[in-house]
Amino acid sequence: MNDKRNKKLIIRLFNVSKRFGGKLALKDITLDVEQGELIFISGPSGAGKSTLLKILYLAQKASEGQILIDGMNLARISSSKLPFLRRRFGMIFQDFKLIPNRTVYENVALVLEAAGKKPSFIRKKVMQVLRSTGMEKKINALPPTLSGGEQQRIAVARAVVGDPSIIFADEPTGSLDSKSAQAILDFLMEYHKKGATVLIVSHNLHLLERTVRGRNIEISEGTIKRIAPVLQGKERK
Amino acid sequence: MAHFVKKALADIRSNRFLNLITMITISLSILVVSVFLLFFENASRAIESWNQGGRAMIYLNKEFSLEMLPELKVKINALGDIDKIVYISKAQALDKLKKNMSSQSAFLKTLKENPLPDALEIRMKSYHSFEEVQKVAQSIKAIEIVEDVEYGQGWLGRFLQIFNLFKITGYAMCILFFLIALFITANTVRLAFYSRKLEIEIMRLVGASETFIKAPFYVEGLLQGFLGGFIGLAILLIAYLAISSGMTQSLASYLYFDIRFLSVKTIGLIIAGSTFLGWFGCYLSLKQILK
Ligand SMILES: Nc1ncnc2c1ncn2[C@@H]1O[C@H](COP(=O)(O)OP(=O)(O)OP(=O)(O)O)[C@@H](O)[C@H]1O
Ligand SMILES: [Mg+2]
């Protein structure tokens, strides 16, 4: 761990709790994530994994505690700066959140259009990620006409099309067979290797290629039960 | 920009029925408003021609001399909203009379002295309210050097009173229809917004600014307003052409003026107004939704 000490802390949580009505979904979470780190979040259903990610990508507000992302306090971020912060995130939602009446292409392109990119750049980039996720033949399809696994791959394509510096992936392989799941995980790992910080909720850790290493955060009933290093195969010192 | 127009068109296509209703409402409102405007424009022109544009003649008595003119002008100007004052000396008046009556100029030549008074012709800025014209005329008459003031006849005054009443009703109707159209437009935008709630949520999450999210709605509102105005005017034009082709001749000769379609300026104003309506409906709606 010593060699990491001088690395930048990109995400910091201090005693974060999330309450839904009277029920606590997250209790007193304190956690630091280094830039470029790979974090696995595991735990039983209803443990609060999605809630944790939602608070981080600002879909929900923490009820208590402080969160810093790249030094910015999420509770104090102005609404005009918020879109710019979000453009640095890539999100794969557990329920995909694809726009049903927009084509696959339009769904993925939306991220870059929102960021004000040039049409020629958008075209190139969108086709590139759709090819990488094996969906280039479906660019004109509407999401509801696709299988769960296909929708998931589009969600992945959309998450990475803007070259995010932080990727939040909520069960990105949940609807995929193990071969496709492996391909998607490997695809996400490419972004990790290029320097992106990746937080991933997944049960398919065993599919990861052997050189990947990260931390596994086990959540249960809204609290961190255990943080353990994930060392796949031989360590590259 | 092209992106927003494309989005707006796609949305109009996917909400065809709703957009059609809105457009029809706007068109009908514009139609009502422009019927009134058509009537007023023509009536105003008629009044202007009957009233000679608020002209009045001020006849001055014998004591008048030219040195008094500047002071008199100042006095008259202070009395009302006067556009123009032209001095017509009795010599000028006589010359004019001679020209007009060249055959009888022999009779005029027999005159030793010019019997005509010096006069001022004035033009009032606002002459649609007869009371005002009357009031101004009376106070001018009160100036000691003024012999008499001649202005619009009594029947014109009564006509103007009725016309003004009609005008107020017209304005009220216009406002009412404007509000109805505004309400419908705002409601359409609201429905469109809610039907795209998921899309908007996703857009926000992937880092779209509020401007980016709102722009297609504004484009949609502007487009609806513009097309609504255009269609409303087109209906009016068709109706006007159909009616006027048969009627104008006889009616015009009866009324001593021709009925014309709306002026380019008014058409421009109507289109701008209905486009604004589309925009404003959208603005109100989004303001309310996005608190
Ligand atoms: N919007 C909400 N309103 C009320 N309760 C909520 C809401 N979102 C989550 N919860 C509750 O918070 C708890 C944690 O939910 P969360 O979605 O984070 O679980 P999870 O760990 O992602 O589960 P899964 O593995 O099934 O996706 C659950 O008990 C859930 O019922
Ligand atoms: Mg979940």
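Residues numbered from 1 in each chain as written. Chains lettered and ligands numbered in written order. Predicted model: local features only at pLDDT ≥ 70, side-chain atom pairs only at ≥ 80, totals over all residues. Heavy atoms only, no water.

Q: Please clarify how the overall build of chain A should be interpreted in this entry.
A: Helices and strands together make up the secondary structure of chain A, namely 6 helices and 10 strands. The C-alpha radius of gyration of chain A comes to 18 Å, within 12% of the 18 Å expected for a compact globule of 237 residues. Overall, chain A is about 45 × 45 × 35 Å in size when its C-alpha atoms are taken along their principal axes. Expressed as a percentage of its 237 residues, the buried residues of chain A come to 52%. Of all intrachain contacts in chain A linking residues separated by at least 6 positions in sequence, the fraction that spans at least 24 positions is 65%. Total accessible area on chain A is roughly 11400 Å²; 49% of this is exposed by carbon and sulfur atoms. Of the side-chain charges in chain A, 40 are positive and 22 negative, and the distance between the mean point of each set is 4 Å. (Helix = DSSP H or I, 4+ residues; strand = E, 2+ residues; numbered from the N terminus. Rg over C-alpha atoms; globule rule 2.2 N^0.38 Å. Buried < 20%, exposed > 50% of the residue type's maximum accessible area, 1.4 Å probe, protein only. Contact = heavy atoms within 4.5 Å. Areas by Shrake-Rupley, 256 points an atom, 1.4 Å probe, with all protein chains shown as cover. Lys, Arg positive; Asp, Glu negative; His and termini not counted. Charge placed at Lys NZ, Arg CZ, Asp CG, Glu CD.)

Q: Which parts of the structure should I look at to understand the coordination of the magnesium ion (ligand 2)?
A: Residues and elements named next belong to chain A. Within the first shell, the magnesium ion (ligand 2) binds the protein through Ser-50 (OG) and Gln-94 (OE1), at distances of 1.8 to 2.2 Å. Pair noted here: Ser-50 is in helix α1 (residues 49–56) and Gln-94 is in the loop between β6 (89–92) and α3 (104–114), with a separation of 44 residues, a long-range link. In this structure Ser-50 comes out as buried when scored by relative accessible area, which is 15%. (Donors = N, O, S within 2.8 Å, 3.2 Å for Na, K, Ca; no water.)

Q: What is the right way to read the side chain of Thr266(B) from this model?
A: Residue and element names in this part refer to chain B. If you trace the backbone, Thr-266 turns up in helix α10 (residues 264–289). Owing to a relative accessible area of 11%, Thr-266 belongs among the buried residues under this scheme. Contacts of Thr-266, omitting those with residues within four sequence positions, involve Leu-37 and Glu-41.

Q: Whenever I open this one, the nonpolar core confuses me. Can you help?
A: In a soluble, globular protein the nonpolar side chains are often hidden away together inside. Val108(A), Val126(A), Leu130(A), Ile167(A), Leu188(A), Ile200(A) and Phe217(B) are the most contacted members of the largest nonpolar core, which totals 64 residues. For this core, the element with the highest residue contribution is α3(A), accounting for 8 residues. Formed by 33 residues, the second largest nonpolar core is a distinct cluster that contains Leu13(A), Val16(A), Ile77(A) and Phe93(A). (Core = buried A, V, L, I, M, F, W, Y, C linked by side-chain atoms within 4.5 Å.)

Q: When you look at the site of ligand 1 in this model, what are you seeing that I'm missing?
A: Residue and element names in this part refer to chain A. In the vicinity of ligand 1, the residues found are Phe-20, Lys-23, Ala-25, Pro-44, Ser-45, Gly-46, Ala-47, Gly-48, Lys-49, Ser-50, Thr-51 and Gln-94. One of the side-chain nitrogen or oxygen atoms of Ser-45 is found 2.6 Å away from an oxygen atom of ligand 1. Between Gly-46 and ligand 1, the recorded distance is 2.8 Å, taken from a backbone N or O atom to an oxygen atom. When ligand 1 is considered free in solution it has 630 Å² of accessible area, and contact with the protein chains removes 64% of it. Sorting the residues of the shell around ligand 1 by element identifies β2 (23–34) and α1 as the ones contributing at least two each. When residues in the shell around ligand 1 are grouped by element, the largest group, 3 residues, is from α1. (Near = heavy atom within 4 Å. Polar contact = N/O pair within 3.5 Å; in protein donor to acceptor, adjacent residues only side chain to side chain.)

Q: Sorry if this is basic, but what is going on with the pattern of salt bridges here?
A: Here the idea is simple: oppositely charged side chains can pair when their charged atoms come close. Residue and element names in this part refer to chain A. Within this structure, the stated rule accounts for 14 salt bridges over all chains. When the shortest N-O distance is used, the salt bridge between Asp-70 and Lys-8 registers 2.8 Å. Remark: Lys-8 occurs in the segment before β1 (9–20) and Asp-70 occurs in the loop between β4 (64–69) and β5 (72–73); sequence separation between them is 62 residues. Note on Asp-70: relative accessible area 23%, which makes it partly exposed. Assessed through its relative accessible area of 41%, Lys-8 is described here as partly exposed. When the shortest N-O distance is used, the salt bridge between Glu-218 and Arg-226 registers 3.1 Å. For Glu-218, a relative accessible area of 28% puts it in the partly exposed group. (Salt bridge = Lys/Arg side-chain N within 4 Å of Asp/Glu carboxyl O.)

Q: Just to check I follow, could you spell out the interface of chain B and chain A for this structure?
A: Interface size, as often reported, equals the accessible area lost upon joining of the parts. Chain B puts 16 residues into the contact, and the matching count from chain A is 18 residues. Between chain B and chain A, roughly 1500 Å² of surface is buried when both sides are summed, and carbon and sulfur atoms account for 67% of that area. The largest share of the area that chain B buries against chain A comes from Ile202(B), Leu205(B) and Val206(B), three residues that together contribute 41% of it. Where chain B touches chain A, the interface holds 2 salt bridges. Connecting chain B to chain A are 4 residue pairs in polar contact (both at pLDDT 80 or more). Counting residues per element, the ones that place at least two in the side of chain B that touches chain A are α1 (2–14) and α8 (197–205) of chain B. The greatest single-element share of the side of chain B that touches chain A, amounting to 7 residues, is contributed by α8(B). The class makeup of the residues in the side of chain B that touches chain A is 8 nonpolar, 3 polar and 5 charged. (Buried area = accessible area lost by both parts, 1.4 Å probe. Nonpolar A, V, L, I, M, F, W, Y, C, P; charged D, E, K, R; others polar.)

Q: Would you take a moment to explain the packing of aromatic side chains for this structure?
A: Each pair of aromatic rings is reported with the distance of its centres and the angle of its planes. Tallied over the full model, the rule gives 19 aromatic pairs over all chains. Pairing Phe89(A) with Phe168(A) gives two aromatic rings, centres 5.2 Å apart and planes at 85°, and the pair type is edge-to-face. Of this pair, Phe89(A) sits in strand β6 while Phe168(A) sits in strand β7 (residues 166–170), and the two are 79 residues apart along the sequence. Look at Phe89(A) and you get buried, because its relative accessible area is 6%. Look at Phe168(A) and you get buried, because its relative accessible area is 0%. A centroid spacing of 6.4 Å and a plane angle of 20° characterise the contact between Phe226(B) and Phe230(B), whose relative ring orientation is stacked. Pair noted here: Phe226(B) and Phe230(B) are both in helix α9 (residues 210–255), with a separation of 4 residues, about one helical turn. Classification of Phe226(B) as partly exposed rests on a relative accessible area of 39%. Judged by relative accessible area, Phe230(B) falls into the partly exposed class, the value being 48%. Joined through ring pairs, the aromatic side chains of Phe36(B), Phe39(B), Phe40(B), Phe166(B) and Tyr171(B) make up one cluster. (Phe/Tyr/Trp six-rings, centres within 6.5 Å; stacked < 30°, edge-to-face > 60°.)

In short, shape yes, function no, at least from these values alone.
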